[in-house]
Amino acid sequence: MDSWLYQTAQQLAQDSAAYEERAFFQALSQLALEQEKRIAQAQGEIDGRSWDEKSW
């Protein structure tokens, strides 16, 4: 599941002529992927903790 930010950054990286812009947008797209991964992990942790009756 790719976010809007990831897709937009990828498109901007492809459309950029300058190396600096291309590098920036590629780094931004990698950041967006990492954020998606961390959000999914946090959601899983919250779900796991909410169902763990020992930690209530």
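Position labels on residues start from 1 in each chain and follow its written sequence. Predicted model: local features are reported for residues with pLDDT of at least 70 only, side-chain atom pairs are reported and counted for 80 or more only, and whole-chain, interface and lining totals are derived from all residues. To get the side-chain values, all heavy atoms of the structure are used, and hydrogens and water are removed first.

> Whenever I open this one, the overall build of the protein confuses me. Can you help?
Runs of H or I in DSSP of at least four residues are treated as helices and runs of E of at least two as strands, each being numbered from the N terminus. Of the regular secondary structure elements, the protein holds two helices and zero strands. Throughout, the radius of gyration refers to the C-alpha atoms, and the reference size of a globule is 2.2 Å times the residue count to the power 0.38. Radius of gyration (C-alpha) of the protein: 17 Å, far over the 10 Å computed for a compact globule of 56 residues. Its C-alpha atoms give the protein principal-axis dimensions of about 55 × 15 × 10 Å. Residue exposure (1.4 Å probe, protein chains only): buried if accessible area is under 20% of the type maximum, exposed if over 50%, otherwise partly exposed. The buried share of the protein, taken over its 56 residues, is 14%. For the accessible areas, the method is Shrake-Rupley and the probe is 1.4 Å, while residue cover comes only from the protein chains on display. As displayed, the protein has an accessible area near 4,900 Å², and 57% of this comes from carbon and sulfur atoms. We count Lys and Arg on the positive side and Asp and Glu on the negative side, and we leave His and both chain ends out. To locate a charge, the coordinates of NZ of Lys, CZ of Arg, CG of Asp or CD of Glu are taken. When the 5 positive and 10 negative side-chain charges of the protein are each reduced to one mean point, those points stand 8 Å apart.

> Could you clarify how one ought to interpret helix H1 (residues 4-15) in this entry?
An α-helical turn contains 3.6 residues, so any two residues separated by three or four positions project in the same direction. Along its twelve residues, H1 runs 16 Å from first to last C-alpha, staying within 8% of the 16 Å computed at 1.5 Å per residue. Along H1, the residues classified as buried are Tyr6, Ala9 and Ala13. Within H1, the buried residues cover an arc of 70 degrees as seen down the axis, which keeps them to one side. Those residues of H1 that are exposed and angled more than 90 degrees off the buried face are Trp4, Gln14 and Asp15. Expected span of a helix: the number of residues minus one, times 1.5 Å. Taken from the helix axis, the directions to the C-beta atoms give the arc we talk about.

> So what exactly am I meant to see when it comes to the environment of Ala27 here?
When you line up the elements, Ala27 lands in helix H2 (residues 19-51). With 21 residues separating them along the chain, Ala27 and Tyr6 place their C-alpha atoms 10.0 Å apart.

> Sorry, what's going on with the packing of aromatic side chains here?
Each aromatic ring pair is characterised by the separation of its centres together with the angle its planes make. We call Phe, Tyr and Trp rings a pair once their centres come within 6.5 Å, taking the six-membered ring for Trp, and we label the pair stacked below 30 degrees between planes, edge-to-face above 60, and tilted otherwise. This structure, assessed with the given rule, holds one aromatic pair. A ring pair is formed by Phe24 and Phe25, whose centres lie 5.3 Å apart and whose planes are at 65 degrees; its orientation type is edge-to-face.

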